[in-house]
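Notes for the structure review
Below, each chain spelled out in residue letters.
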4 protein chains.
Amino acid sequence: MRILPGIILCLTSLTAFAQTEEPHSHRLARSLRFPDVPGYKVMKCDLHQHSVFSDGSVWPDIRVAESLMDGLDAISLTEHLEYQPHKADIPHPDRNRSYELALKEAKDHNLLIIRGSEITRSMPPGHCNAVFIEDANKLLITDSIAVFREAKRQGAFTFWNHPFWVRQRPDGMATLTPMHQQLIKEKLLDGIEVCNEGNYSDEALQIALDNNLTIMGTSDVHKLIDWTYGVPQGGHRPITLVFAKEGTIPAIKEGLMNRRTVVFFKNLLIGRDEYLVPLIKECLKVSSAKYLEQSTVLELEIENVTSAEFTLQNRSDYTFHGHSDIITLKPGEKTVIEVKTKDKLKAIEIPFEVLNAVHAPNSHPTVSLAGKIAG
Amino acid sequence: MRILPGIILCLTSLTAFAQTEEPHSHRLARSLRFPDVPGYKVMKCDLHQHSVFSDGSVWPDIRVAESLMDGLDAISLTEHLEYQPHKADIPHPDRNRSYELALKEAKDHNLLIIRGSEITRSMPPGHCNAVFIEDANKLLITDSIAVFREAKRQGAFTFWNHPFWVRQRPDGMATLTPMHQQLIKEKLLDGIEVCNEGNYSDEALQIALDNNLTIMGTSDVHKLIDWTYGVPQGGHRPITLVFAKEGTIPAIKEGLMNRRTVVFFKNLLIGRDEYLVPLIKECLKVSSAKYLEQSTVLELEIENVTSAEFTLQNRSDYTFHGHSDIITLKPGEKTVIEVKTKDKLKAIEIPFEVLNAVHAPNSHPTVSLAGKIAG
Amino acid sequence: MRILPGIILCLTSLTAFAQTEEPHSHRLARSLRFPDVPGYKVMKCDLHQHSVFSDGSVWPDIRVAESLMDGLDAISLTEHLEYQPHKADIPHPDRNRSYELALKEAKDHNLLIIRGSEITRSMPPGHCNAVFIEDANKLLITDSIAVFREAKRQGAFTFWNHPFWVRQRPDGMATLTPMHQQLIKEKLLDGIEVCNEGNYSDEALQIALDNNLTIMGTSDVHKLIDWTYGVPQGGHRPITLVFAKEGTIPAIKEGLMNRRTVVFFKNLLIGRDEYLVPLIKECLKVSSAKYLEQSTVLELEIENVTSAEFTLQNRSDYTFHGHSDIITLKPGEKTVIEVKTKDKLKAIEIPFEVLNAVHAPNSHPTVSLAGKIAG
Amino acid sequence: MRILPGIILCLTSLTAFAQTEEPHSHRLARSLRFPDVPGYKVMKCDLHQHSVFSDGSVWPDIRVAESLMDGLDAISLTEHLEYQPHKADIPHPDRNRSYELALKEAKDHNLLIIRGSEITRSMPPGHCNAVFIEDANKLLITDSIAVFREAKRQGAFTFWNHPFWVRQRPDGMATLTPMHQQLIKEKLLDGIEVCNEGNYSDEALQIALDNNLTIMGTSDVHKLIDWTYGVPQGGHRPITLVFAKEGTIPAIKEGLMNRRTVVFFKNLLIGRDEYLVPLIKECLKVSSAKYLEQSTVLELEIENVTSAEFTLQNRSDYTFHGHSDIITLKPGEKTVIEVKTKDKLKAIEIPFEVLNAVHAPNSHPTVSLAGKIAG
């Protein structure tokens, strides 16, 4: 029965939640949580999404509402410029239109809307995104190199989407073509998706590392985040954590341009050690360290302040009084590890390999958890 | 990364569920379940919904997918004819368009798509729906009576939407205006919503009873069913159960025209006794009746085969060995009531007032649960 | 591997909980919550329990731990004096022994231990409890009247257990025998269980009302509270809420002697109106009352501060903008009822019949919810 | 209100479950599930438990009921011979008494009761269990070596309990003393607990491997399994899986004597490779293997038929189209791994390191998952 302008519709839909029987804690539980790191705000971004303005199934207001529920800081609706299956109904699309509608919808919320577009080609170069652009309409250019030049002229950050897509790569193996090499060489291509929707690619990660590209992960959502990622059942969309100097659009762009990202995908953190390790150090905190009475068994309590479940492998010489070398730290919980130290120590430092994080294919970062011991 | 025609997108999105960690049983649990009754198929219908083709936020494929998840049998996308807030982007809408897109999307599924439209007026007569029409475009008529005549010429079933809407009735009290009386008298108005989105109206129910109108309940969804009704938290959309002679569109229309409906809204069943009572009799079945050993305490096991929770009030002279006069029967479960019969009986019949059902304002139907006693 | 005195064992077992993955909120959720009423502390009591010292299956420390988890204020371990199935192993029981062990276990906790015993007879008078006694051993008396006189000499509060027990009453129908009438007349019998384990009896409630007996409900637990009452699945044991002038054992006794009780059994509250109504008034609070913008629809927010789910039936002339006459208020939650008041009021008072409460067989108290309206 | 012999009490308590609102599936979910392996029945055993007959808090019937709920095949109530804190109440205990009561209780159930006792000493040798004995009373012998000789004369299987107990080893580090070396040399000590209650010890595992001792894990429960292990929150007690030639007590003893065990502790499997690897091969089954359409991406579906969650690390050269090298397989579920094979294969075999299993401190077994590919 609502006949209301868009922004109020969004508020109404969020209010609808309040009228259900869902306790407040459930709604908060959905929000993706990661801490800032020294020197940077960690911005939760999903820079590859679709609406009815290309081949998505929702109006931009739904994308804004989903992102607010997920606790994101910034999004981009990157409609296909060339692929317009709804053209019969939306005949003369301004390619900036979904950006403008999302911007209006997000006006009173803490959500940054970044203007972007998807450049849709067969392989090579396949699909690519240009974000932080000025005018999407001007990217309607036939030549595959020229379109990147125009995007760059507008100040874009560009990245290669799902280089492992079986429609374009029947073996699912991302490899660079000469055209990609040219784009990289000419500084026309800045990043590469290592995760897209339900897929992760070791090969794409290796390409990022070998070619100094920004590591990206996105939802590429077309239908609903809740359904595609099973959010009510505990799933989450892929996001890119951007290490930005401040919480602004230019700062996010600067972070992306300088490759300061970690991707969060199906509980896995993917990134370069220089960003991954400081992030994990902020995610896991020694909240208490004290000896069990009349013993040299140290109770080390570790708090996981994120919405990721961590799986750690002990890389110290200590053994534990209750765990093998593999330890699980549940999201938002405190876990006690009992460390057999033989002598009574004043401080402790234990290196762990972080199995739910990769800095290269099949390779996991090592992070030390350290704390002073009470008493 | 999908570039696919609409129908395949839907299948993909349903498949996405299968890839989440959600057990199969959860998905089935969502489906709304009501049994057929002797002589009729009970068709689960939601005949008032919106898409981007008027003021909704989703493409019609999402409405089809939501309805399949909810286990519905028939839906209608009833776009506002006159209210077109997306006109800037969808400038020349064929008013039949969302019907056609939904029809294509539902092609390979057991979901009937009924052509319909919302006739959008200030009060009187307020908003009304015409469903089972032939051409929505021909309903773009200024005169409020003439549009009903055209709808009827096309064979429509018509109903008054949310007569209690505070935007049009600041007291929330549905009352008939002379125009409504004229429409009813001329057989131009067949039904009335007693439930719409989150609202139920005793006054609207009384109007239905007094004027021989079909009792209707609809979601009037604009955003997402899951959010507006808190489906993951156990909520459900309002639906109209239509008692149809067979599972076809003409049979649903015939059932509606003959007022054979029960509405299911926030766990409440609303309808005329002649349909409500047979339905409840099929919903609740005595699955076992036997005496507790060496006693005259009868264990009466009742199975609730629906997705509604029933609350019954004992209207017999029997007392129970474990309950007061109020009994709750959870959805899909069996509940044992221990009846103190004093003598050993061969059969039993116990009248209950069904508190989660109304056949008139503040008035509940009485249904007898009966069974033969074993041994 | 523990070799520790009893009280420390108990603390260890409670600590064990803290080491599981159960969030803190779950443990609190288990605790039974009811508010005090003006003039009285509402004491949560379970005065009929067994341990290995008669026919129970646990040592008294488990009964203390269960009660602490359930948030009880006072318990009594009422071992059968005459029925000692563990006699082969516990040959010379001091009938005060389980009291003493429970007292020691509860020493550092807010749980009162009341000395009591079960007087175990065939019918009449059946089983009875004497609580607040001085020495259980002295109740080992053959004569059924004499034992009550001795209990009374010790200052006991006495009550008839499960008068509806099918082993002693194959029809499950509680009725007074001449012996019970004599006991009541001589003021030797003070109360009667209307609930015991999984049973509730309308006839027992009527006997309480007709004979001015204290209304009692107890678990009569023999095995584990968690299993018998399905606590992890949301169940609870029967308890007696005693309206005491302060939180002490003498004050509980004084409350029981003066019949100031309400029983909580399978979500049902059972008691005399003079205690039931003030309790319900404290359980349900109007937490906000304001008009929906530009309307005469009043949003009345009601907070249920208890662990009981309330089911209310509207007994006013108002109708609601979203509910029929039946309203459910979930434990610990706030629920909004939209009341159609026609005029803008300054204050409101709405009488409800409380269906999950009985003050007599098949009869429910009426409680008015009242509040001033904002603005 | 029950006055019934023990065995019926037990059945009543199990029936109580059926009367709660807990769906049948929840109760089954609790049962610990592991498959048999070729040549052996895999018997789920907990051979270290206490009742009120030493320092436990429950009568033996509760231990039987807990074990039935957990789906165990065999248990032993191993009361402390020397430590009798309930002596004041149970003054002349026959040390076989809890065995006899449990045996009676389990009579009509599929649960084997093994006669056993705990030999309770300060270090050395600390606490030890002797199970499959003939008469516990005859083990009341002061000399620490002589008691093992008597146990062996009776045909016992003996094992060292919690060698890492901080009360006896303040550093929590298990090491053999000369007395243990003598016991092992004289074949008086057969096994060693590597897990007890909440503790696991790498050092104890190493001692087992170095000295050819049977690897044991037990609950050592004193209070309630549900509370100590957080069963309603998804926890489980430690058990020993014994590879027995048939489902009998002598066959379990033969399996233990020949070191054919795997321990299941906090989701970790601990054992020698020769039993661990065949077990894991039965736990995880390739249930389907087929290529994604028009691609060389193989969809390998793996079914986890156990109640353990498996964490696997890819040790092949293949990479996956959706996972890093770490894969989680939830209990009772099927998981699809998409393998990029480059060529279309007829069959596949992928080695995985099983991180939730250890065959030595910090060392995990490798198991290959193999299957034929459809089409």
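Rules behind the numbers
- Residues numbered from 1 in each chain as written.
- Chains lettered and ligands numbered in written order.
- Predicted model: local features only at pLDDT ≥ 70, side-chain atom pairs only at ≥ 80, totals over all residues.
- Heavy atoms only, no water.
- Axes fitted to C-alpha atoms, helices over the stretch in contact; angles between N-to-C directions.
- Helix = DSSP H or I, 4+ residues; strand = E, 2+ residues; numbered from the N terminus.
- Parallel < 35°, antiparallel > 145°, perpendicular 65-115°, else oblique.
- Left-handed = near helix turned anticlockwise from the far one by under 90°.
- Contact = heavy atoms within 4.5 Å.
- Nonpolar A, V, L, I, M, F, W, Y, C, P; charged D, E, K, R; others polar.
- Polar contact = N/O pair within 3.5 Å; in protein donor to acceptor, adjacent residues only side chain to side chain.
- UniProt positions renumbered as here; feature names shortened; annotations may be inferred.
- Buried < 20%, exposed > 50% of the residue type's maximum accessible area, 1.4 Å probe, protein only.
- Arc of directions from axis to C-beta.
- Salt bridge = Lys/Arg side-chain N within 4 Å of Asp/Glu carboxyl O.
- Pairing = 2+ DSSP bridges.
- Domains from an automatic or database assignment.
- Buried area = accessible area lost by both parts, 1.4 Å probe.
- Phe/Tyr/Trp six-rings, centres within 6.5 Å; stacked < 30°, edge-to-face > 60°.
- Disulfide = S-S within 2.5 Å.

The next subject is the packing of helix α3 (residues 60–69) of chain C against helix α4 (residues 97–105) of chain C. Helix-helix packing is described using two parameters, namely the angle between the two axes and the distance between the axes. Residues and elements named next belong to chain C. The interhelical angle for the contact between α3 and α4, taken along N-to-C directions, is 50°, at an axis separation of 8 Å. Here α4 runs oblique to α3, going by the angle between their axes. α3 and α4 meet at a crossing whose hand is right-handed. Seen from α3, the contacting residues are P60, D61 and V64; seen from α4, they are S98, L101, A102 and E105. Partitioned by chemical class, the residues of the contact of α3 with α4 number four nonpolar, one polar and two charged.

Residue and element names in this part refer to chain A. Tracing the backbone through its elements, the reader meets N304 in strand β13 (residues 297–304). Separated by 2.8 Å, the side chain of N304 and the backbone oxygen of A308 make a polar contact. A polar contact is formed between the side chain of N304 and the backbone oxygen of L329, at a distance of 3.1 Å. Once residues lying within four places of it in the same chain are set aside, the contact partners of N304 are C283, L284, E309, F310, L329, K330, P331, G332 and E333.

A negative phi angle is the norm for most residues apart from glycine, just as the trans form is the norm for most peptide bonds. Cis peptide bonds are those with omega within 30 degrees of zero, and the linkage from P124 of chain A to P125 of chain A qualifies with 0°. Within the secondary structure, P125 of chain A sits in the loop between β3 (112–119) and β4 (128–131). In this structure, the amide linkage connecting M123 of chain C to the following residue, P124 of chain C, adopts the cis form with an omega of -15°. In the Ramachandran plot, N212 of chain D falls in the positive-phi region, its phi being about 55° despite a non-glycine side chain. Its location among the elements puts N212 of chain D in the loop between α7 (202–211) and β9 (214–218).

Looking now at the UniProt feature "domain: Ig-like" (unreviewed entry) in chain A. In the numbering used here, UniProt assigns the feature "domain: Ig-like" (unreviewed entry) to residues 285–369 of chain A. Spanning residues 285–369 of chain A, this segment combines 0% helix with 55% strand, and its end C-alpha atoms are found 7 Å apart.

Residues and elements named next belong to chain C. All of the buried residues along helix α6 (residues 178–185) are H180, L183 and I184. Projected onto a plane normal to the axis of α6, the buried residues spread over an arc of 95° and lie on a single side. Every exposed residue of α6 that faces more than 90 degrees away from the buried side is listed here: P178 and K185. Structurally, α6 contributes buried residues whose contacts are with α5 (144–153), β6 (157–160) and α7 (202–211).

Throughout the structure, instances matching the rule amount to 76 salt bridges over all chains. Measuring nitrogen to oxygen at the nearest pair gives 3.0 Å for the salt bridge that ties D226 of chain C to R30 of chain C. Of this pair, D226 of chain C sits in helix α8 (residues 225–228) while R30 of chain C sits in helix α2 (residues 24–30), and the two are 196 residues apart along the sequence. Its relative accessible area of 16% is what places R30 of chain C among the buried residues. Residue R149 of chain D pairs with E186 of chain D through a salt bridge whose shortest N-O separation is 2.8 Å. Linking R149 of chain D in helix α5 (residues 144–153) with E186 of chain D in the loop between α6 (178–185) and β7 (191–196), this pair joins segments that are 37 residues apart in sequence. Judged by relative accessible area, which is 43%, R149 of chain D ranks as partly exposed. Three or more residues are tied together by salt bridges with common partners; here these are R30, D46, D70, D226 and R237 of chain A.

So, on to the pairing of strand β19 (residues 347–354) of chain C. Residues and elements named next belong to chain C. Looking at chain direction, strand β15 (residues 310–314) and β19 are connected through three bridges and run antiparallel. Across the sheet, residue L312 finds its bridge partner in β19, namely V354. Where β19 lies against strand β21 (residues 366–372), seven bridges are found, and the strand directions are antiparallel. When the sheet's bridge partners are listed, I350 is paired in β21 with L369.

Before going further, it helps to spend a moment on the domain arrangement of chain A. The accessible area lost on association of the parts is a frequent measure of interface size. Residue and element names in this part refer to chain A. Per the domain assignment, the segments of chain A are domain 1 (41–266) and domain 2 (284–372). A C-alpha centroid distance of 36 Å is found between domain 1 and domain 2. Taken residue by residue, the interface counts six residues in domain 1 and seven residues in domain 2. In total, about 430 Å² of surface goes out of reach between domain 1 and domain 2, with carbon and sulfur atoms giving 70% of it. Three residues, D202, L205 and F264, lead the burial of domain 1 against domain 2; their summed loss comes to 67% of the area buried on that side. In this structure, the connection of domain 1 to domain 2 is made through zero salt bridges. For the pair domain 1 and domain 2, the number of links is zero residue pairs in polar contact (both at pLDDT 80 or more). Residues that form the side of domain 1 that touches domain 2 fall into these classes: four nonpolar, one polar and one charged.

Residues and elements named next belong to chain A. Counting buried positions over the five residues of strand β14 (residues 310–314) gives five, a clear majority of the element. Burial of the side chains of β14 extends over both faces: F310, L312 and N314 are buried on one face and T311 and Q313 on the other. Looking at chain direction, β14 and strand β16 (residues 326–329) are connected through four bridges and run antiparallel. What sits directly across from Q313, in β16, is I326.

Moving on to the packing of aromatic side chains. Residues and elements named next belong to chain D. In the structure shown here, the tally under the stated rule is 28 aromatic pairs over all chains. Their ring planes at 70° and their centres at 6.2 Å tell us that Y40 and F243 sit as a pair that is edge-to-face. Here Y40, found in the loop between α2 (24–30) and β1 (41–49), pairs with F243, found in strand β10 (residues 239–244); they are 203 residues apart in sequence, far enough to count as distant. Owing to a relative accessible area of 24%, Y40 belongs among the partly exposed residues under this scheme.

Backbone-to-backbone hydrogen bonds join strands into a sheet, with any given pair of strands oriented parallel or antiparallel. All names here are of chain D. Strand order across the open sheet formed by seven strands is β3-β2-β1-β10-β11-β12-β20, with mixed pairing between neighbours. Each having just a single partner strand, β3 (112–113) and β20 (357–358) make up the two edges of the open sheet. Pairing geometry for β1 and strand β2 (residues 74–77), over three bridges, is parallel. Bridging from a neighbouring strand, Q49 pairs with L77 of β2.

Take the state of the cysteines next. For the coordinates displayed, the defined rule picks out zero disulfides over all chains. In this model C283 of chain A remains outside any disulfide bridge; the closest cysteine sulfur is found in C45 of chain A, 16 Å from its own. Among the residues examined, C283 of chain A registers a relative accessible area of 0% and is labelled buried. Not part of a disulfide, C195 of chain C finds its nearest cysteine sulfur in C45 of chain C, a span of 15 Å.

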